[in-house]
Amino acid sequence: MSKTKNLNMSLLCDFYELTMGNGYMEAGLEDKIAYFDVFFRNVPDKGGYAIAAGLEQIVEYIEDLHFSEDDISFLKSKNLFSDRFLDYLRHFKFTGDVWAVPEGTPIFPREPIITVRAPAIQAQLMETYILLAFNHQSLIATKANRIVNAANGRAVMEFGSRRAQGESAAITGARAAYIGGCAATACTISDQVYGVPAAGTMAHSWVQTFDSEYDAFVHYCRTYPQNAVLLVDTYNSLKSGVPNAIRAFNDVLKPMGITHCGIRFDSGDLAYLTQKARKMLDDAGWPGCTITVSNSLDERLITDLWQQGAKIDAFGVGERLITSSSWPVFGGVYKLSAVEESDGSITPKIKISENITKITNPGFKKVYRFFDKETGKAEADYICLHEETVDPSQPLVICDPDARWKKKTMTNFRAELLQKQIFSNGKLVYKLPELKDIQAFCKEQVNTLWPQVRRFDNPHNYYVDLSDRLMALKDSMLNSSSGK
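A quick note: this is a predicted structure, and the numbers were derived from the prediction, not measured.

## Remarks on the packing of aromatic side chains
- Following the criterion strictly, the structure yields 20 aromatic pairs and no others.
- Between F36 and Y334, the aromatic rings sit 4.7 Å apart at their centres with planes inclined by 15°, giving stacked as the arrangement. Here F36, found in strand β1 (residues 33-39), pairs with Y334, found in strand β12 (residues 333-340); they are 298 residues apart in sequence, far enough to count as distant.
- Its relative accessible area of 6% is what places F36 among the buried residues.
- Y334 gets classed as buried once you look at its relative accessible area, which sits at 4%.
- Relative to F364, the ring of W99 lies with its centre 5.3 Å away and its plane at 55°, an arrangement referred to as tilted. Of the two residues, W99 is situated in strand β3 (residues 97-100) and F364 in the loop between β13 (346-348) and β14 (365-372); the sequence distance between them amounts to 265 residues.
- For W99, a relative accessible area of 13% corresponds to the buried category.
- Through pairs of rings, three or more aromatic residues link up here, namely F15, F67, F81, F85, Y88 and F92.
- Against the face of Y194 rests R175, its NZ or CZ located 5.7 Å from the ring centre.

Written out as structure tokens, the structure reads:
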């Protein structure tokens, strides 16, 4: 029996989270309220934006966060943890607050995507799983969205299960790819668990099993007349594959009055093959026959195919999507931003580094997105302290935190808070949307970005600005040199 079957995910944490938790208790800080921000520093593939994903799995993890007697026994065997700490874990229950950007939202570097406010031990123990779920699914959703955008309205199917880095990556990766805009997945269990539509037809082995390619196609058309998509590149795509497909369509589907069918290429010069196949199909009276292509595709190759005049109706994209092979790490981090004193006041905290991009933004914060009222386009994101408000009826000057001479006056705009409260005092207060609604929301929100932000090469730098108060707080803490 697999040792990982039905594992309690509470120990899917870095060991230092447990040693620190024990240390907090020994120091009398177990009830100290801490604020942590999840953010990322770089957009994958040097793109203009990323897509938030993974929140549903984070919610499920938090709701189920507990330590079994087997977990306690294992930790006790390490001879590192006090009995008091182990008893704390035995009765563990999350009591804090969580705010998060909804799944499917376009997101940008250095802005808080998830904020956790909880007693220090609780907040610390959740770090690894929150980052794991957020980083993986946001990475795949972002890659999928790039590929879907390159497909120019043609359907993209996620075909990567067998190349995914583990079963969980295949299952939740298909979910994330759907959020990013994929129409379907080859991963059947993702349909069962999450409702991602499963799709697929045949492999080369089907064709090879029969005495002839024509026989293989005829049997498939008879078995699945309403979904006859034939793989035509097992032997010779243009000399046998496409002609035999046309022959099978004529012999099986035409007498049934069925005109919806398809062929798929999984190798070869896809631009040339699809052009020739399209003419062959049209000349044979099958203009409604679709052409699907697969074979290690990504957004760059798909763009090249269009530039070469390819005739394609759908794409199957596998390994380069499910592994995001061109940019395999999302890089989200979980950083302390504040602690709460016994009187309820908040003391900001900052991480200082010689690497400017690793300097954190201190304090308990929130993020607004500004939309131009005339165009409906997103103009900038605005990070401010949690007690600050924005009045859209008044002009607002925003400036680039890294180049402060770059300023812009916002007028005629609407301001929308990006983060929604997910947990309040340990209780789930957010209604998780249906997956199809997340996908639709993602498409809608990406369309609020200017084309210059969405382009693949040298995208426009979307501004994420700090309020004057937050900027002044950060400056004062940097100037103090201690971060206190």
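And the narrative resumes.
## A look at the sheet that holds β12
- Pairing is antiparallel in the open sheet, where 7 strands are placed in the order β13-β12-β1-β5-β3-β19-β20. The two strands at the open ends of the sheet, each matched to only one other strand, are β13 and β20 (427-428).
- Bridging between β3 and strand β5 (residues 114-119) involves 4 bridges; their strand directions are antiparallel. The residue of β5 that forms the bridge with A100 is I114.
- Strands β3, β5, β19 (420-424) and β20 of the sheet are contacted by helix α2 (residues 55-63), whose axis makes an angle of about 15° with β19.

## Let's talk about the nonpolar core
- I114, F249, I263, F265 and F315 are the most contacted members of the largest nonpolar core, which totals 135 residues.
- No other element matches helix α6 (residues 127-150), which puts 12 residues into this core.
- Contacts of F249, omitting those with residues within four sequence positions, involve C221, A228, L230, K254, C261, G262, I263, W286 and C289.
- F370, C384, L396 and F413 belong to the second largest nonpolar core, which has 10 residues in total.

## Considering the sheet that holds strand β15 (residues 378-385)
- As summarised here, the arrangement of the 4 strands in space is β18-β14-β15-β21, forming an open sheet in which the pairing is mixed. Sheet topology places β18 (413-417) and β21 (463-466) at the edges, where each strand pairs with a single neighbour. Within the sheet, the average angular offset between the axes of one strand and its neighbour, ignoring direction, is 25°.
- Summarising the sheet, β15 and β21 pair through 4 bridges and their orientation is parallel. Across the sheet, A380 pairs through a bridge with Y463, a residue of β21.

## Concerning the pairing of strand β6 (residues 155-158)
- Pairing analysis gives 4 bridges linking β6 to strand β11 (residues 314-317), with the strands arranged parallel. Across the sheet, the residue bridging to E158 is V317, located in β11.
- For the segment spanning β6, helix α7 (residues 167-179) and strand β7 (residues 184-185), crossover handedness is right-handed.

## Here's the deal with the packing of helix α1 (residues 15-26) against helix α4 (residues 83-90)
- Two elements in contact, α1 and α4, have axes separated by 9 Å at closest approach and are oriented at 110°. Considering the angle they form, α1 stands roughly perpendicular to α4. Of the two possible hands of crossing, α1 and α4 adopt the one that is right-handed. Facing L18, G21, N22 and M25 of α1, the residues of α4 in contact are R84, F85, Y88 and L89.
- Grouping the amino acids of the contact of α1 with α4 by side-chain chemistry returns 5 nonpolar, 2 polar and 1 charged.

## A word on helix α11 (residues 237-256)
- Along α11, the helix axis deviates most sharply at N250, where the bend reaches about 35°.
- Burial in α11 covers these residues: S237, S240, G241, V242, N244, A245, I246, A248, F249, V252 and L253.
- Structurally, α11 contributes buried residues whose contacts are with α10 (213-223), β8 (229-231), β9 (262-265) and α12 (270-283).
- Among the residues trailing α11, G257 stands out with phi positive, at a value near 80°.

What counts and how
Residues numbered from 1 in each chain as written. Predicted model: local features only at pLDDT ≥ 70, side-chain atom pairs only at ≥ 80, totals over all residues. Heavy atoms only, no water. Phe/Tyr/Trp six-rings, centres within 6.5 Å; stacked < 30°, edge-to-face > 60°. Helix = DSSP H or I, 4+ residues; strand = E, 2+ residues; numbered from the N terminus. Buried < 20%, exposed > 50% of the residue type's maximum accessible area, 1.4 Å probe, protein only. Lys NZ or Arg CZ within 6 Å of the ring centre and 35° of its normal. Pairing = 2+ DSSP bridges. Contact = heavy atoms within 4.5 Å. Axes fitted to C-alpha atoms, helices over the stretch in contact; angles between N-to-C directions. Core = buried A, V, L, I, M, F, W, Y, C linked by side-chain atoms within 4.5 Å. Right-handed = clockwise from strand over helix to strand, strands pointing away. Parallel < 35°, antiparallel > 145°, perpendicular 65-115°, else oblique. Left-handed = near helix turned anticlockwise from the far one by under 90°. Nonpolar A, V, L, I, M, F, W, Y, C, P; charged D, E, K, R; others polar. Bend = angle between axes of the 7 residues up to and from the residue.

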